[in-house]
Amino acid sequence: MESPKDAADSTARTFSQVVFTDTPYSYPPSTSVTCCYTLTTAYQPNSRDWVGIFKVGWSTTKDYHTFVWVEPSLDVVGQQSATRQAVFTEYYLPKDELDFYQFCYVDSTGQVRGASTPFHFKNPAGQNPESSMDEDLMVITTQQQVELSRHERAELQKELDQIRGENETLKNNLQMEQQQAASMKGQNEQKEKEMSRLVREMDQIKEQNENLKSTLQQQEEMMKQQRDAAEQNNQSLSLDGASRLNETHAQEKYDRAVMKIKLLKEEREQLRRIVDAQSQETDMLNSKLKEQERQLLKMGDSIQLLKVDLQSSEKEKERLSAELLRSQSLAHDMDDVKTENQELCRRLARQMTLQNCSDDELKVKCQTLDGQLQDARRKLAAEREETKNTKRQAESLEKDLQEVRVQLEKVASTCVDAQRIRDKQELQLTMERDAMADARETLADKDGLIEEKEQMIMLVRHEKEELARDNQTLMSDIEGLRRAYAELQAPPPADSPHLQPDTNTSAANDWQQQQQESPEQADNPYENIDMGAGTEEEQSLVCRHCQECFPCITRNELEQHESSHRLCPFCTMVCDNMEQSVFEDHVYSHEL
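All of the points below concern the structure found in this document. It should be emphasised that the depicted structure is a prediction, and the values quoted were computed from it without experimental measurement. (Residues numbered from 1 in each chain as written. Predicted model: local features only at pLDDT ≥ 70, side-chain atom pairs only at ≥ 80, totals over all residues. Heavy atoms only, no water.)

Turning next to the overall build of the chain. From N to C terminus, the chain includes 11 helices and 11 strands. Each of the 592 residues in the chain was classed as buried or not, and the buried ones make up 29%. Partitioning the contacts of the chain with sequence separation of at least 6, the portion at a separation of at least 24 is 72%. Roughly 38,800 Å² of accessible area belongs to the chain as shown, and the carbon and sulfur atoms make up 51% of that amount. (Helix = DSSP H or I, 4+ residues; strand = E, 2+ residues; numbered from the N terminus. Buried < 20%, exposed > 50% of the residue type's maximum accessible area, 1.4 Å probe, protein only. Contact = heavy atoms within 4.5 Å. Areas by Shrake-Rupley, 256 points an atom, 1.4 Å probe, with all protein chains shown as cover.)

What follows is the structure, encoded as structure tokens:
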């Protein structure tokens, strides 16, 4: 949005593209009017342009009194300037002699490109006040009327000086307001940039939170599966106390981590709601600032119109001052006429006293004196009418000045209110900025805590995986022991008793002797089974990832083989034959 200063500069540039020349102070009514204007090189005319007569104080281009279309011409292109004319017929001209008007050139888009000086419509007898001074007139007036006219002139001069001072103060206030508006515009741009940056950061935080949510959900599902598997293993098998203690400890850690993650999620949701509310408040404040800028632009336009009214009132004041000077000169002439009348009266008295004069001469002199007195009376009546008209014009001007003063006071009060509102909005924006900074810090702290909890969850998951592996190994060992025990407890085959009776009976007798000699060993038959299983494991070891059997290798060699496999950290899938990119895609698919 443009500032009031930029708007004033743009209007000044457009108003100077068409210049009206030779515009008189007044036009006679009931006659056609011709205005002359010059098109500058900065403007190219259009056939839809028009020239209108506007009353001084107009606000929009729809306030015209009458208008005429401009003459279409093609020879303007390439010249420095071109002078054109517009003729208004007497039928459509204004009939009011008190109001002032001006010509305005409006282009096809409705924008004013030039304006003339104010003028009004008045009879030649009324517009030429000096013409009556050329004739030999005898005007009679009183000293009181002269004093009143002088006093009125002094009051009008004082009011004119006050209005000029107020105009200067208003101009200074307007410049200060324009500077403040420019500074507020810069601050608003900075605030909008900060808000956009914060919105981007919030979007990134939201994406990170969503990713964390998805990973947490996956981890919870995996932990649930592992928990179910562990419970099934616990129900099916009775494992050692150490493994149970480890599982319970890991489960407690996992539960605490899940509780903390839930609390962090709730706090993050609260912070998100706070940030959304603050963003809505900032949007409302930005809309209010834009409305205030529009109001300032409107106030600038109204101030420009008031300036035009002040200029017209100043011109009217100058005209009234000229009329007051003329009335003073007339008052001096009246004093001279009074003295002449007194001399004439004395002469008449002397002539009446003279006896030698004849009656015919006296009659002729009386007739001449009567004619002079009648002329003086007519002139006095005309002067009285003129003084009444000047008083009426002065009263109308006083009313206009009072209205202008009231409008200026309203503009000043609106400027003060706008300044107060700006100060409040600045305070609100600073408070919101501080709140956003605190929210950002808290979000950063929460993100750190979430990362720590994720690391703890990863550790717990690794411990779970190790426990699951231990459970699998224990289950495989138990199954091997069961098979060995079942093989030992199985009866000898029945199809070959007659072939080896001696060996079986000797083996049974030996076994009975061993049972009698060592009853402790008979009570614990699993020791021998464990020993046999241990020897078998030492003879052939199986990889727990690829399930391949390696006879006659040590435990260290088996661990080296297992560590050489490339495993998925989430599903423990063997990925030796996968390419690196395919392996990375597989790992990332678990995180989504």
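Here 3 bridges tie strand β7 (residues 101-106) to strand β8 (residues 112-115), and the two strands are oriented antiparallel to one another. In the sheet register, valine 106 faces β8, and the bridge partner there is valine 112. (Pairing = 2+ DSSP bridges.)

Spatially, 4 strands are ordered β5-β4-β7-β8 in an open sheet, and the strand pairing comes out antiparallel. Two strands close off the open sheet at either side, each with one partner strand: β5 (64-69) and β8. The average angle at which neighbouring strand axes cross in this sheet is 25°, direction not considered. When strand β4 (residues 50-55) meets β7, the two strands line up antiparallel, connected through 6 bridges. Looking across to β7, one finds that glycine 52 is bridged to cysteine 104. (Axes fitted to C-alpha atoms, helices over the stretch in contact; angles between N-to-C directions.)

Here we come to the sheet that holds strand β6 (residues 82-88). As summarised here, the arrangement of the 3 strands in space is β1-β3-β6, forming an open sheet in which the pairing is antiparallel. One side of each edge strand has no neighbouring strand; the edge strands of this open sheet are β1 (18-21) and β6. Averaged over all adjacent pairs, the angle separating strand axes in this sheet is 30°, with direction ignored. Examined bridge by bridge, β1 and strand β3 (residues 33-39) share 4 bridges and lie antiparallel to one another. Across the sheet, residue valine 18 finds its bridge partner in β3, namely leucine 39.

What follows concerns the packing of aromatic side chains. One pass over the structure, following the stated rule, counts 20 aromatic pairs. When the ring of tryptophan 50 is compared with that of tyrosine 64, the centres are 5.5 Å apart and the planes differ by 65°; the resulting orientation is edge-to-face. Of this pair, tryptophan 50 sits in strand β4 while tyrosine 64 sits in strand β5; the two residues are 14 residues apart in sequence, bridging distant segments of the chain. Of the residues examined, tyrosine 64 reaches a relative accessible area of 37% and is grouped as partly exposed. Ring centres of phenylalanine 54 and tyrosine 64 lie 6.5 Å apart, and the angle between their planes is 75°; this geometry places the pair in the edge-to-face category. (Phe/Tyr/Trp six-rings, centres within 6.5 Å; stacked < 30°, edge-to-face > 60°.)

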